[in-house]
Each structure stands twice: as C-alpha cells, then as structure tokens.
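# Report on the structure
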Amino acid sequence: MNTEEKMALAGRVAADVPEGAYLNLGIGLPTLVANHLGGEEKEVILHTENGVLGRWTDAPEGEQDPDLINAGKVPIKLLPGAAFFHHADSFSMMRGGHLDICVLGAFQVSASGDLANWHTGDPQAVPAVGGAMDLAIGARQTFVMMDHVDREGNPKIVSELTYPPTGLGCVTRIYTNIGTFETSPDGSKVKALYIAPGLTQEQVQRQTGVEIDFSLNKTHGE
Amino acid sequence: MINKQISDPGEAISRIKDGNTIAIGGFGGAGSPNVLIDTLITRSDAKNLTIVSNNAGQNEEGIAALLKAGKVSKIVCSFPRMKNAWVFEELYRRGKLELELVPQGNLAERLRARGAGIGAFFTPTGYGTVLAEGKETREIEGVHYVLEHPIKVDVALIKAKAADRFGNLTYNKTARNFGPVMAMAADITIVEVSDVVAAGELDPEAVVTPGIYVDHFFKV
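I will try to describe carefully the structure that is included in this document. (Residues numbered from 1 in each chain as written. Chains lettered and ligands numbered in written order. Predicted model: local features only at pLDDT ≥ 70, side-chain atom pairs only at ≥ 80, totals over all residues. Heavy atoms only, no water.)

## Focus: the overall build of chain A
What counts is decided by this rule: For helices the rule is a DSSP run of H or I covering at least 4 residues; for strands it is a run of E covering at least 2, with both sets numbered from the N terminus onward. Note on method: radius of gyration uses C-alpha positions; expected globular size equals 2.2 Å times residues raised to 0.38. For every residue, the accessible area (1.4 Å probe, protein chains only) is compared with the maximum for its type, and the residue is labelled buried under 20%, exposed over 50%, or partly exposed between those bounds. Any two residues having at least one pair of non-hydrogen atoms within 4.5 Å are treated as being in contact. The Shrake-Rupley method, run with a 1.4 Å probe, gives the accessible areas here. Residue values count only the displayed protein chains as cover.
Looking only at helices and strands, chain A features 4 helices and 15 strands. What you see for chain A is a C-alpha radius of gyration of 17 Å, in line with the 17 Å of a compact globule of 222 residues. Overall size of chain A, expressed as C-alpha extent along the three principal axes, is 50 × 45 × 30 Å. Counting across all 222 residues of chain A, residues that qualify as buried make up 47%. In chain A, the proportion of contacts linking residues at least 24 apart, taken out of those at least 6 apart, comes to 60%. In the structure as shown, chain A presents an accessible area of about 10,500 Å², 51% of it carried by carbon and sulfur atoms.

Printed below as a string of structure tokens:
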C-alpha cells in the first residue's frame, strides 16, 4: 500500500468506530486510525498498553516528554480528561473485556478469526510478543488492518493459519486495501461488507484464501 | 461529546432486572451509596436480587433498608454481623435470605478477577476452613491454596468524591474501599458523587477509577 491507500484504509476503520468507544490502536498501520478521529463531533477514548486512557495527539517538537509516550514509543500530548495507571491495571482492562475495539496489524487471519501477527515462524527470527496476545483476546471486537496479500501475492485471509497464532477466534473484522470482511465463527467463509471500486467479486475472491460471501457487500459509507 | 453525567438516577437504576447481581460499595457507612440504594428501593420493581457487599447494613439505612424492602434473595458478604444489623439478622434467621460468607480479601480479589478477566485464582485464605469446603485446592511450593472464582456482577452502585464528564473518579479517604474493584467487575457501573469537575481538573496521576469502568454518575 502507498501512503494514500494507507490513509484511506485508516479512514474506513475510523468511520466504523462509534462515539464514546474505548479504542486501542496497535503499533504500525493501526496508529494511522488516530488521524481520522478526534474533534468534538466524535469523541473516542484511546487506550495505550503502557498506561493511559484519554485523548491525545503526537507531541509537537518542543513539547515532547520522554516520560509520556504511546505503545509505539512515540511522544504524545494529552488532551484534558486523561488517566494514568500501572501495567497490571492496563492489561486487566484489556483482558477483562472493557475495551470496545482493538485494531491490530496481521500476517494472516483465518476465516474463523484466528490471528497471526507476532511471529513469522522463521526459526532464525528473534521472537517478541509484547502485548499482542493480551490485546488479541481482550477487546470486545478485534479489527485487523492489513494488506490483502503478502509481498509474494499470497492471500493473507486464509482457511487455516500457517504462521504461529497470536490468538484463536478473536478477529471479528478484517480491513484490507481492497475490502472489508467479517469473520465467521465456523470458519467456512468470510462475508464481504465492502469491496474497493473498480474490482470485480472474482478479482477479490482470487486474492483470498477462503470463500467470500458477497451477499452483504455494499459500498462503504452508503 | 461524551458526558456520562445523568440528572435522574432512577433511569439508570431502571436498568436493574429481576435476578441481577448488584455490587454495593462501602465498608460500614463509609462509601455506602445511600442515594442510589434509596433510588433502587423506591424506583425499581426488580426482585430476587443478589447483593455483593462487605456488610449487610445497619439500622434501617442503606443495604438494611434494601433488605427490608424484600428485594433481595441472597447476599454475598464478608461481615454481616454488625451493631444494629437487625434487619439482616431477622431475615437470615427466618431463612428468608441466603448468605454466601466470603473472607474479605477473597471478596475483593474475586471482584478484581472478574474485572480483570481472570478465570479463577489460587489463594491461601480459607484453606482448611468451612468456607473452603468442597472447593478445589492445590499445594504450590509447600503452601496450600484454594481455587476461588470471580463474582459476575450485573450492576455496581458506588460512591465517589469527584467525577469529570468522562467518568474518571477520585474517592474520599477510606470511602474508596470496594469502589474501584466493583466498578471493574460490573457490566454497568452507576456512581453517586459529591463533586462534578471540568475535564482536566482531575490530575491524570490522581484518577483512581478511569472512566472506562463508569457508565453513569450523578451529583448528590
């Protein structure tokens, strides 16, 4: 995805976040969603695993405080009404099902909502998990934002993961550069909620590793 | 704009349904949400409630008044035997009120576990006692533990000192007691506060219960 496509994808995710939602944005692509939120017309409360609930922006040059950062280690500037807490409280909040939505990146997602986003399975790779497993299973809804296919053109929406799982049955919705899809508990198919203009159903199906149910498909925002 | 302040607690209280489990804050009188309890008595038809609370009320105030109103079938509690707890005693002796007696630390931790998404936990408290009878046990590094389960709470009624429009709360002295863990444990948390402050007036370092755990608050 180029920058423009990434911003459009982030905008599609943000449009589906209701006012008053408690939202955690994973590092990488999901952090872009914050650029489409904010403003008094739709207030959303952000959660970051390192201990803040509230609303914030990236801290401008000159106002950066090394002790005030988000999960991506980026300095932030708080708006009024925030709260700090320690790490165990932060992860209690996630695991206890209090966050409405968490948005994560992914290597693969299965039709039943299994998520792989922490490890490629390459034995040479240095593993790191961080908060990924807690986030995956904790929120009421887990959204994934990712490219529809990998660098080799292989589908990232699959019938069964080939990468090591981060969590099972946890992803409810998948946003990619070419569409928005809902997972299904039985893993038989995904339901398309949106496909990008100019693409046929066949073109989308060909890039997807599971059967797509197009019966719900509608143009986003209509 | 997010604003969790309500002017009429009766509407929020009407979300309580027959058979619900209601956690009520307070340790003795400190932190007891008496206005919310009175609203529950006068404005709700819900029956067969289970109350989770440290005490069972005194005289005919607070939880004692709720018990007297005949809305409660069970109480989960650590210390119902207080001075002037005659309402509880009378119902209990007549077999009109089921009591689940829980050691106080287990009560707090079972609420916290519910809020924190913990499926069950091992605690040494109560091992070998009548309060652990029939419960799973395990010896870990030479210490005996009892497996305790979370308490599922439908609605929490608590009292705090100050709230901003996001529902961030601070408490007053020892009136904090069970408020934070009950707010975490409940599906719906309703709070009575004495002060409402503008967003930003509560120091983010000093917020005790973040607004994520609060659904409605109103000023008494």
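## Quick look at the overall build of chain B
To keep things clear, this is the line we draw: Lys and Arg are tallied as positive, Asp and Glu as negative. Neither His nor the chain termini are counted. We put the charge of a Lys on NZ, of an Arg on CZ, of an Asp on CG and of a Glu on CD.
Counting its regular elements, chain B contains 6 helices and 11 strands. A globule of 220 residues ought to have a C-alpha radius of gyration of about 17 Å, and chain B, at 18 Å, matches this closely. Its C-alpha atoms give chain B principal-axis dimensions of roughly 50 × 45 × 30 Å. Looking at chain B as a whole, 52% of its 220 residues are labelled buried. Considering only residue pairs separated by 6 or more positions, chain B has 74% of its internal contacts joining residues 24 or more positions apart. Counting every atom, chain B has about 9,900 Å² of accessible surface; 48% of that belongs to carbon and sulfur. Of the charged side chains in chain B, 25 are positive and 26 negative, and the gap between their average positions amounts to 3 Å.

## A few points about the sheet that holds strand β2 (residues 45-48) of chain A
Residues and elements named next belong to chain A. Short version of the rule: Only strands joined by at least two bridges in the DSSP assignment are considered to pair. To obtain each axis, a line is fitted to C-alpha atoms, and for helices this fit is confined to the stretch in contact; angles are then taken between N-to-C directions over 0 to 180 degrees.
The 10 strands are arranged β6-β3-β2-β1-β7-β10-β12-β13-β14-β15 in an open sheet whose pairing can be described as mixed. In the strand order of this sheet, the two ends are held by β6 (83-84) and β15 (211-213), each with one partner. In this sheet, strand β14 (residues 189-195) lies alongside strand β13 (residues 179-182) in antiparallel orientation, the contact comprising 4 bridges. Considered in β14, the bridge of G179 is made with I195. Sitting on the sheet, helix α2 (residues 87-95) is in contact with β1 (22-25), β2 and β3 (52-54), with an inclination near 120° to β2.

## Some words on the environment of B:D154
All names here are of chain B. Within the fold, D154 resides in strand β8 (residues 153-163). Sequence-wise, D154 and A185 are 31 residues apart; in three dimensions their C-alpha atoms are separated by 8.3 Å. Ignoring anything within four residues of it in the chain, the contact list for D154 reads N20, T21, A186, D187 and I188.

## Observations concerning the interface of chain A and chain B
The criterion, for reference: Note on definitions: buried area is the accessible-area loss of two parts on being combined, 1.4 Å probe, summed for both. Whenever Lys or Arg places a side-chain nitrogen within 4 Å of a carboxyl oxygen from Asp or Glu, that contact is recorded as a salt bridge. In protein, a polar contact requires one atom able to donate a hydrogen and another able to accept it; more generally it is a pair of N or O atoms within 3.5 Å, and residues adjacent in sequence count only if both atoms are side-chain atoms. Under the convention adopted here, Pro, Cys and the residues Ala, Val, Leu, Ile, Met, Phe, Trp and Tyr are nonpolar, Asp, Glu, Lys and Arg are charged, and Gly plus all remaining residues are polar.
Facing 21 residues of chain A, the contacting portion of chain B comprises 22 residues. Around 1,800 Å² of area is buried between chain A and chain B when both sides are counted, 58% of it from carbon and sulfur atoms. Looking only at chain A, the three residues that lose the most surface to chain B are A:Y22, A:F84 and A:H98, adding up to 28% of its buried area. Joining chain A to chain B, the criterion identifies 1 salt bridge. Across the pair A:E43 and B:R165 runs a salt bridge, and its minimum N-O distance is 2.9 Å. Our enumeration of links across chain A and chain B arrives at 11 residue pairs in polar contact (both at pLDDT 80 or more). Listing elements by their share of the side of chain A that touches chain B, those giving two or more residues are β6 and α2 of chain A. Take the side of chain A that touches chain B: its biggest share by element is 4 residues, from α2(A). Across the side of chain A that touches chain B, the residue classes tally to 10 nonpolar, 5 polar and 6 charged.

## Digging into the sheet that holds strand β6 (residues 137-140) of chain B
All names here are of chain B. Strands sit in the order β5-β7-β6 across an open sheet of 3 strands; the sheet is antiparallel. Each of the sheet's edge strands pairs with one partner strand only, and the pair in question is β5 (121-123) and β6. The mean angle between the axes of side-by-side strands here comes to 40°, regardless of whether they run parallel or antiparallel. For β5 and strand β7 (residues 143-148), the ladder comprises 3 bridges, and the chain directions are antiparallel. Counterpart to F121 in the pairing with β7 is E148. Contacts from helix α5 (residues 104-116) reach β5 and β7, with the element oriented near 165° to β5.

## Examining the packing of aromatic side chains
Heads up, the condition is: Ring geometry is summarised as follows: Phe, Tyr and Trp rings, the Trp one being its six-membered ring, pair when their centres sit within 6.5 Å, and such pairs are stacked at plane angles under 30 degrees, edge-to-face over 60 and tilted between the two.
The full count for this structure, using the stated rule, is 3 aromatic pairs over all chains. Note on A:F143 and A:Y175: the rings are 5.3 Å apart at their centroids and 55° apart in plane angle, and the pair reads as tilted. Taken together, the residues A:F143 in strand β10 (residues 141-146) and A:Y175 in strand β12 (residues 171-176) connect sequence positions 32 residues apart. Each member of the pair, A:F143 as well as A:Y175, carries the same accessibility label: buried. When the centroid spacing of 5.4 Å and the interplanar angle of 15° are considered together, the rings of B:F88 and B:Y92 count as stacked. Of this pair, B:F88 and B:Y92 are both found in helix α4 (residues 86-93), 4 residues apart, which corresponds to roughly one turn of the helix. Overall, B:Y92 belongs to the partly exposed group, its relative accessible area being 40%.

## With respect to the environment of A:I174
Residue and element names in this part refer to chain A. Position of I174 among the secondary structure elements: in strand β12. Take I174: its relative accessible area is 0%, and that puts it in the buried class. Beyond its immediate stretch of four places on either side in the chain, I174 contacts V109, V144, M146, I157, G179, T180, F181 and T183.

## A few points about the nonpolar core
Stated precisely, the cut-off is as follows: Only buried Ala, Val, Leu, Ile, Met, Phe, Trp, Tyr and Cys residues count toward a nonpolar core, and they belong to the same one when joined by side-chain atoms within 4.5 Å.
Ranked by internal contacts, the top residues of the largest apolar core, which has 62 residues, are A:L115, B:L111 and B:L169. Dropping the residues within four chain positions of it, B:L111 is found in contact with B:V52, B:I151, B:V153, B:F178, B:V181, B:M182 and B:A185. By size, the runner-up hydrophobic cluster in this structure holds 28 residues, among which are B:I51, B:A64, B:V72 and B:L91.

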